[in-house]
Amino acid sequence: MVCCQNTQGQYGKATLEGYYGKLSKAFMQLIKQSPCSGEGQRHLKIDCANGIGALKLSEMKPYFPQEMVIHIYNDGTKEKLNHLCGADFVKVHQKPPGGLDMKPNERCCSFDGDADRIVYYYKDTAGHFHLIDGDKIATLISIFLKELIVKQDFTMAVVQTAYANGNSTRYLQETLKVPVHCVKTGVKHLHHKAQEFDVGVYFEANGHGTVLFSKTAETKIRQLVKEEKDDEKREAAKMLENMIDLINQTVGDAVSDMLVIEAILALKGLTVQQWDALYADLPNRLLKVQVADRRVIDTTDAERRALTPPGLQEKIDALVKKYKLSRAFVRPSGTEDVVRIYAEADTQENADALAHEVSLAVFHLAGGKGAPPQPI
Ligand SMILES: CC(=O)N[C@H]1[C@@H](OP(=O)(O)O)O[C@H](CO)[C@@H](O)[C@@H]1O
């Protein structure tokens, strides 16, 4: 709304109808370009965390094309906000939300309460739960955009935080050959870094993120749509133009991100399983520990190393060495009175053991409160 006002309507009409209309128009144009367009309906189950997303998605339903059918769960009529559901619950517990019945291979997603995060997931035929988090969302979007800008002289990068899964960073850098930058936790840090590129994709692992296009890139794309003589190149420019209109460039927005993802899956003819199979996440664990004063922990290197308290980083380094493909870091939360611990390793048992050992080190060296952390 603010951006629409400040650009005298160039970014869109500053009303809810203006927002719904802009997004649905761009989405419809995009799926029309899909090779499987007209081949039946796409269904998506959405857990709205009993939050605002349910209200707004219901209002938006009439704007969706008939090819896209959304099913809203946890709409706030029965349970409390975020209770056993929502994007954070699904990401942290690595399990499905309550209140959503999932059939094998069905594509599902969760918003968080204020609808600025989104994670996808599905259950396979053996009943195993597969989480597709912000890192895999950034990867899908990057694959799609990289192919479209291949002939343009645009700079492109992905911005992540230390919480990004090690295998996502490896895939982006080594397979996709896209530069990756790591910044401090919090979208403001990711947003600022992403502004340095023509195409800046940024996502936190928890599903908070978006894509930014520079003014130069946007002008060039809109000009190509009008002037490009080669049909294939003009179609690619049109897709990019619709992507620019579909993505919310002002802030991470679960509704906009969901439509971007659905459009890309349709255009690339990808199933949720094929998307998930791009790379395998390294098993990981996120824990928190209460300390008397979390400011005793000072970090550097985009929060990947602790400078204080003395001895803590050395202890973490020694613990990390015990496991394969391992990595761990600690940082004071910016939103809760806790210290967060992240660990990843070759197996879930090892990631859990490493996270627990690091949480004990934090407890003993950084003034832990209450009882020492228990093994997972
Ligand atoms: C590990 C984690 O998920 N941290 C979250 C959380 O920040 P903390 O500083 O870790 O409390 O809340 C932020 C605001 O929603 C979000 O941007 C960030 O990613």
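Residues numbered from 1 in each chain as written. Predicted model: local features only at pLDDT ≥ 70, side-chain atom pairs only at ≥ 80, totals over all residues. Heavy atoms only, no water.

As named in an unreviewed UniProt entry, the protein chain is Phosphoglucomutase 3, taken from Catharus ustulatus.

1. Points about helix 7 (residues 187-194)
For helix 7, the set of buried residues is Leu190, His191 and Ala194. For helix 7, the buried positions fall inside an angular range of 100 degrees around the axis, keeping them on one side. Across helix 7 from its buried face, at more than 90 degrees, point the exposed residues Lys188 and His192. In the core, the buried residues of helix 7 are packed alongside strand 6 (156-161), strand 7 (180-183), strand 8 (199-203) and strand 9 (209-213). (Buried < 20%, exposed > 50% of the residue type's maximum accessible area, 1.4 Å probe, protein only. Helix = DSSP H or I, 4+ residues; strand = E, 2+ residues; numbered from the N terminus. Arc of directions from axis to C-beta. Contact = heavy atoms within 4.5 Å.)

2. Quick word on the UniProt feature "domain: Alpha-D-phosphohexomutase C-terminal" (unreviewed entry) in the protein chain
With numbering aligned to this structure, UniProt lists the feature "domain: Alpha-D-phosphohexomutase C-terminal" (unreviewed entry) at residues 286-359. Helix and strand shares over residues 286-359 are 30% and 31% respectively, and the end C-alpha atoms of the span are 10 Å apart. (UniProt positions renumbered as here; feature names shortened; annotations may be inferred.)

3. Here's the deal with the pattern of salt bridges
Inspection of the entire model under this criterion finds 28 salt bridges. Here Asp101 makes a salt bridge to Lys103, at a shortest N to O gap of 3.9 Å. A relative accessible area of 44% places Asp101 in the partly exposed class. A salt bridge links Asp112 to Arg117; the shortest N-O distance between them is 3.6 Å. Of the two residues examined, Asp112 and Arg117, each falls in the buried class. Connected via shared salt-bridge partners are Lys215, Glu218, Arg222, Glu241 and Asp245. (Salt bridge = Lys/Arg side-chain N within 4 Å of Asp/Glu carboxyl O.)

4. Some thoughts on the nonpolar core
Core analysis: the largest hydrophobic core is formed by 67 residues, its most contacted members being Phe111, Leu145 and Met258. Considering each element in turn, this core owes the most residues, eleven residues, to helix 10 (residues 254-268). Listed in part, the 23 residues of the second largest apolar core include Ala306, Val339, Ala355 and Ala361. (Core = buried A, V, L, I, M, F, W, Y, C linked by side-chain atoms within 4.5 Å.)

5. Description of the domain arrangement of the protein chain
Each assigned domain of the protein chain is listed here: domain 1 (135-252) and domain 2 (284-365). Here the C-alpha centroids of domain 1 and domain 2 sit 30 Å apart. Taken residue by residue, the interface counts nine residues in domain 1 and eleven residues in domain 2. In this assembly, domain 1 packs against domain 2 so that about 850 Å² is buried in total across both faces, 52% of it on carbon and sulfur atoms. (Domains from an automatic or database assignment. Buried area = accessible area lost by both parts, 1.4 Å probe.)

6. Concerning the sheet that holds strand 4 (residues 118-123)
Ordered in space as 2-1-3-4-5, the five strands form an open sheet in which the pairing is mixed. At either end of the open sheet lies a strand with only one pairing partner, and these are strand 2 (68-73) and strand 5 (129-132). Across the sheet, the axes of successive neighbouring strands diverge by a mean angle of 30 degrees, strand direction being ignored. Here six bridges tie strand 1 (residues 42-47) to strand 2, and the two strands are oriented parallel to one another. If you follow Arg42 over to strand 2, its bridge partner there is Met68. (Pairing = 2+ DSSP bridges. Axes fitted to C-alpha atoms, helices over the stretch in contact; angles between N-to-C directions.)

7. Remarks on a nonpolar patch on the surface
Taken together, the side chains of Met1, Val2 and Leu16 present a nonpolar region at the surface, about 280 Å² in accessible area. Here Leu16 lies in helix 2 (residues 16-32). (Patch = residues over 30% accessible without salt bridge, like charges linked within 9 Å, V, L, I, M, F, W, Y side chains within 5 Å. Areas by Shrake-Rupley, 256 points an atom, 1.4 Å probe, with all protein chains shown as cover.)

8. Describing the sheet that holds strand 10 (residues 284-289)
An order of 10-14-13 is seen for the three strands of this open sheet, with the pairing classed as antiparallel. Strands at the two margins of the open sheet, each flanked by one partner only, are strand 10 and strand 13 (327-332). Averaged over all pairs of adjacent strands, the angle between their axes in this sheet comes to 15 degrees, without regard to strand direction. Here strand 13 runs beside strand 14 (residues 339-344); their pairing, made up of six bridges, is antiparallel.

9. A look at helix 8 (residues 215-227)
Think of an α-helix as turning once every 3.6 residues; residues three or four places apart then point the same way. The terminal C-alpha atoms of helix 8, which comprises 13 residues, lie 18 Å apart, in line with the 18 Å expected from a rise of 1.5 Å per residue. Those residues of helix 8 that sit buried are Ala217, Glu218, Ile221, Leu224 and Val225. Mapping the buried residues of helix 8 onto a view down its axis gives an arc of 130 degrees, with all of them on the same face. The exposed set on the far side of helix 8, more than 90 degrees from its buried face, consists of Lys215, Thr216 and Lys226. (Expected span 1.5 Å × (residues − 1).)

10. Remarks on the packing of helix 5 (residues 134-148) against helix 10
Close contact between helix 5 and helix 10 brings their axes to 10 Å; oriented N to C, the two are set at 55 degrees. Comparing their axes, helix 10 and helix 5 come out oblique. As for how helix 5 packs across helix 10, the hand of that crossing is left-handed. Between helix 5, through Ile137, Leu140, Ile141, Ile143, Phe144 and Glu147, and helix 10, the contact on the second element is made entirely by Val260, Ile261, Ile264, Leu265, Leu267 and Lys268. (Parallel < 35°, antiparallel > 145°, perpendicular 65-115°, else oblique. Left-handed = near helix turned anticlockwise from the far one by under 90°.)

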